[in-house]
Amino acid sequence: METVGTVVWALWAMLPAYVPNNAAVLAGGGRPIDGGRTWGDSRLLGDGKTWRGTAAGTLAGAALAVALNALSPSVSAAVGYTLPTFPLLAGVGLAFGAMVGDIGASFLKRRSGRERGAAFPGLDQLDFVVGALVCAFVAAPSWFGETFTLPVLVVVLVATPVLHVVTNAIAYFLGLKNEPW
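Quantities reported herein were computed from a predicted structural model and do not represent experimental measurements.

A. Structural view of the overall build of the protein chain. Scanning the protein chain from N- to C-terminus turns up seven helices and two strands. The globule rule puts the C-alpha radius of gyration for 181 residues at 16 Å, and the 17 Å found for the protein chain is close to it. Taken along its principal axes, the extent of the C-alpha atoms in the protein chain is 55 × 30 × 25 Å. For the protein chain, with 181 residues in total, the buried portion stands at 40%. Of all intrachain contacts in the protein chain linking residues separated by at least 6 positions in sequence, the fraction that spans at least 24 positions is 70%. Within the structure as shown, the protein chain displays about 9500 Å² of accessible surface, and the carbon and sulfur contribution to it stands at 70%.

B. Fine view of the nonpolar core. Grouped together as the largest cluster of nonpolar side chains are 27 residues, with contacts concentrated most on Met14, Phe86, Leu94, Trp143, Phe148 and Val156. Going through the elements one at a time, α1 (3–18), α3 (51–79), α4 (88–111), α5 (123–139), α6 (141–147) and α7 (150–173) are the ones with two or more residues in this core. Excluding anything up to four places from it in sequence, Leu94 contacts Ala13, Met14, Pro16, Ala17, Phe86, Ala132, Ala136, Trp143 and Phe148.

Rules used throughout
Residues numbered from 1 in each chain as written. Predicted model: local features only at pLDDT ≥ 70, side-chain atom pairs only at ≥ 80, totals over all residues. Heavy atoms only, no water. Helix = DSSP H or I, 4+ residues; strand = E, 2+ residues; numbered from the N terminus. Rg over C-alpha atoms; globule rule 2.2 N^0.38 Å. Buried < 20%, exposed > 50% of the residue type's maximum accessible area, 1.4 Å probe, protein only. Contact = heavy atoms within 4.5 Å. Areas by Shrake-Rupley, 256 points an atom, 1.4 Å probe, with all protein chains shown as cover. Core = buried A, V, L, I, M, F, W, Y, C linked by side-chain atoms within 4.5 Å.

Set out below in structure tokens:
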């Protein structure tokens, strides 16, 4: 696969993992996952990680995977590159894994003394990617191996932080976020 094709493939394959955290914010609120519990003098996760947000994010990512399956033939023809499709378990694994990765990062942020919304360079950009890839591998190992080749993984690990920074900066300047990270 040539470079442009690899980039197109990688970004398409990650779409079900890119959407869940945004959907969780939109549907957020409700009961925090940690139930208000603390560890030492700080919350386990905080009010930003809720059951409703996690469920909504997972459902949004999985639904996007189903929609991408329907769109794949026509989009593939339009862009001139074959795009991957998502078995249900792969779509759910990517979406749920993205949520789990973000929840894990929240736990690490609290343990390092960072407040909700505080920057944690590197972790902020790749937490959901690691969670998504691990869960997708566990849920659909053969699909994962066929989809996430080494060149595709490299694109994901390089492009995702760039996309994350750019989209967050745009959201900040539009007044949709309180922090530019």
